[in-house]
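Here's the letter readout for the chains.
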Amino acid sequence: MSEKKIHQDTELVHAGRHPEESGGLVSDIAPSTTFVRDAGAHVYSRYSNPTRDRLEAAMATLEGGGESIAFASGMAAVTAVFELLEPGQHLIIGEDAYHGVARLLDTHFARRGIGVDFVDTRDTDSVDAARRPETKLLWFETPSNPQLRISDLATLSRWAQEHGIISACDSTLAPPVMQQPLAFGVDLVMHSATKFLGGHSDLLGGFVTTARPELAERIRAWQANAGAVPSAFDAWLLLRSLSTLGVRVRQQCASAQRIAGWLAEHPAVATVFYPGLPQHPGHDLARRQMRAFGSMLSILVKGDEAKARKVASATRIFTEATSLGGVESLIEHRASIEGAQRRSPENLLRLSIGLEHPDDLLADLEQALKN
Ligand SMILES: *Cc1c(COP(=O)(O)O)cnc(C)c1O
């Protein structure tokens, strides 16, 4: 056997899988909460669990190294990272970060005396202008949700490192088959596994991955002590889902590229946000740091909120629902779900492209845009 590195597609099928004692090819689910004293590596499932161990090992392989820590949801993973901050410390966060993250900061972490500045992380000068002596964390999404803005992984992580600040990327919109932020020097990568990694809209989960052992240790301590762990069944489902991640995402990205190009020409559409379009302001950067442009796109329909909501509710194959990255295509009027953190333009619709035939998706959009 040569030492040539195997492809990620192969890793996806085999990572975290090794035959069980029974010879079973597929890993067993280990639902035990407790383990016979001194019988093996495990004591109690809040601390560690065999199924979760396999999942975490698989995820670390896919991220290209480091240690992955699995959580009960994306927000549980986010919380574990923010828990690194002490009262009086400060973080800088992308202004279009996921609304749930903004809500968590504005409510729970504000009460603890954690300072926050929301800035446009595409612009390193504005990031630097927000820096204070007590700044300890830079949190950014790329691509961002829902405007698909692209921030520079290498530049931001270098800036953070120069100032002794931890850099953390929410890479939910770009799973490891599209983007591996650790390779660009980012300290922490976070995923909502509820989205692409799970891929079937049937489980909640989250990950933080880091190549810095001292950060891994603190985040893992939070996972165990706060009990923010996924169930063995969810960990097993997620492991199963990872094996098809590559093919799912490739098909979803190809359909999204085609749909984005078509929408960009459509007379009822004012703007398309999709990094795979050459006219997208982050296109060149996305080419440099992503292997695929993703299957999420947003559009501004010509007209007001009422018009946008009418289009969303007129689709027949796209389901009007929140969330993303699943096998089924979804469409959503974003502003009306963002609540007090409402930041999206009133005429913005976000589309998550699934695995249906792209011709059917185009025909569905065509009829819905006529409304
Ligand atoms: C969904 C999402 C989250 C939160 O994850 P949950 O699994 O819903 O807790 C965080 N960031 C982004 C970008 C998301 O899309």
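Keep in mind that this is a model prediction, so the values were computed, not measured. (Residues numbered from 1 in each chain as written. Predicted model: local features only at pLDDT ≥ 70, side-chain atom pairs only at ≥ 80, totals over all residues. Heavy atoms only, no water.)

(A) Focus on the packing of helix H11 (residues 305-314) against helix H12 (residues 358-369). The N-to-C vectors of H11 and H12 enclose an angle of 140°; their axes lie 8 Å apart at closest approach. Here H11 lies oblique to H12, going by the angle between them. Where H11 crosses over H12, the two elements pack in a sense that is right-handed. Residues Lys-307, Val-311 and Ala-314 of H11 touch H12, and the partners they reach there are Gln-367, Ala-368 and Leu-369. (Axes fitted to C-alpha atoms, helices over the stretch in contact; angles between N-to-C directions. Helix = DSSP H or I, 4+ residues; strand = E, 2+ residues; numbered from the N terminus. Parallel < 35°, antiparallel > 145°, perpendicular 65-115°, else oblique. Left-handed = near helix turned anticlockwise from the far one by under 90°. Contact = heavy atoms within 4.5 Å.)

(B) View of the environment of Val-116. Looking at the element boundaries, Val-116 is found in strand E3 (residues 115-119). Here the alpha-carbon distance between Val-116 and Cys-253, two residues 137 residues apart in the chain, equals 34 Å. Every residue in contact with Val-116, bar those within four places of it in the chain, is listed here: His-90, Leu-91, Ile-93 and Leu-105.

(C) Fine view of the sheet that holds strand E11 (residues 330-333). With respect to topology, 5 strands assemble into an open sheet ordered E8-E9-E12-E11-E10, the strand pairing being mixed. The sheet is open, and its two borders are formed by strand E8 (269-273) and strand E10 (319-320), each paired with just one other strand. Bridge count between E8 and strand E9 (residues 296-301): 4 bridges; the pairing is antiparallel. In the sheet register, Thr-271 faces E9, and the bridge partner there is Leu-300. In the packing of helix H9 (residues 245-264) onto the sheet, the strands contacted are E8, E9 and strand E12 (348-352), and the crossing angle to E9 comes to about 15°. The sheet strands contacting H11 are E9, E10, E11 and E12, and the helix crosses E11 at an angle near 160°. (Pairing = 2+ DSSP bridges.)

(D) Examining the nonpolar core more closely. Judged by nonpolar contacts, the single largest core of 62 residues is most densely connected at Leu-263, Leu-297, Ile-299, Leu-349 and Leu-351. By size, the runner-up hydrophobic cluster in this structure holds 29 residues, among which are Leu-91, Ile-93, Leu-188 and Met-190. (Core = buried A, V, L, I, M, F, W, Y, C linked by side-chain atoms within 4.5 Å. Buried < 20%, exposed > 50% of the residue type's maximum accessible area, 1.4 Å probe, protein only.)

(E) Just the sheet that holds E3, in detail. Read from one edge to the other, the open sheet built from 7 strands follows the order E1-E7-E6-E5-E4-E2-E3, with strand pairing classed as mixed. Strand pairing shows two members of the sheet lacking a second neighbour, strand E1 (67-71) and E3, which therefore form its edges. Adjacent strand axes in the sheet meet at a mean angle of 20°, parallel and antiparallel pairs treated alike. Its contacts with the sheet place helix H2 (residues 50-63) against E1, strand E6 (188-192) and strand E7 (206-210), and it is angled at close to 130° to E1.

(F) Region of interest: the pairing of E6. With respect to burial, E6 is a largely interior element, 5 of its 5 residues being buried. Of the two faces of E6, the one carrying Leu-188, Met-190 and Ser-192 and the one carrying Val-189 and His-191 are both buried. The sheet contact formed by strand E5 (residues 166-170) and E6 spans 3 bridges and is parallel. Paired with Cys-169 across the two strands is Val-189, which belongs to E6. Relative to E7, E6 runs antiparallel, the two sharing 5 bridges.

(G) Geometry of H11. Where H11 is concerned, the buried positions are Glu-305, Ala-308, Val-311, Ala-312 and Ala-314. The residue sitting at the N-terminus of H11 and contributing the capping side-chain oxygen is Asp-304; that oxygen lies 3.3 Å from the backbone nitrogen of Ala-306. (Polar contact = N/O pair within 3.5 Å; in protein donor to acceptor, adjacent residues only side chain to side chain.)

(H) Representation of the packing of aromatic side chains in the model. Evaluation of the coordinates by the stated rule reveals 4 aromatic pairs. Look at Phe-82 and Trp-139: their rings are 5.2 Å apart centre to centre, the planes differ by 65°, and that puts the pair in the edge-to-face class. In this pair, Phe-82 sits in helix H3 (residues 74-82) while Trp-139 sits in strand E4 (residues 135-141), placing the two residues 57 residues apart along the sequence. Of the two residues examined, Phe-82 and Trp-139, each falls in the buried class. Taken together, the aromatic side chains of Phe-82, Phe-109 and Trp-139 make up a single cluster linked through ring pairs. For the cation-ring pair, Arg-46 lies above Tyr-47, with the distance from its terminal atom to the ring centre recorded as 5.2 Å. (Phe/Tyr/Trp six-rings, centres within 6.5 Å; stacked < 30°, edge-to-face > 60°. Lys NZ or Arg CZ within 6 Å of the ring centre and 35° of its normal.)

(I) Quick peek at the site of the ligand. Residues in contact with the ligand amount to 13 residues; listed here are only the nearest, Met-75, Asp-170, Ser-192, Thr-194 and Lys-195. Within the side chain of Ser-192, a nitrogen or oxygen atom sits 2.8 Å from an oxygen atom of the ligand. Notes on the ligand: free accessible area 380 Å², of which the protein chains cover 93%. Grouping the amino acids of the shell around the ligand by side-chain chemistry returns 3 nonpolar, 7 polar and 3 charged. (Near = heavy atom within 4 Å. Areas by Shrake-Rupley, 256 points an atom, 1.4 Å probe, with all protein chains shown as cover. Nonpolar A, V, L, I, M, F, W, Y, C, P; charged D, E, K, R; others polar.)

(J) Up close: the pattern of salt bridges. Within the structure shown, the criterion is met by 18 salt bridges. Measuring nitrogen to oxygen at the nearest pair gives 3.0 Å for the salt bridge that ties Arg-250 to Asp-9. With Arg-250 in helix H9 and Asp-9 in helix H1 (residues 8-14), this pair connects stretches of sequence that are 241 residues apart. The exposure class of Arg-250 is partly exposed, given its relative accessible area of 47%. Owing to a relative accessible area of 35%, Asp-9 belongs among the partly exposed residues under this scheme. For Glu-56, the salt bridge is made with Arg-220, and the minimal N-O distance between the two is 3.1 Å. Highlighted residues: Glu-56 in helix H2 and Arg-220 in helix H7 (residues 213-226), separated in sequence by 164 residues. Judged by its relative accessible area of 6%, Glu-56 falls in the buried class. Members of the salt-bridge network, linked through shared partners, are Glu-56, Glu-67 and Arg-220. (Salt bridge = Lys/Arg side-chain N within 4 Å of Asp/Glu carboxyl O.)

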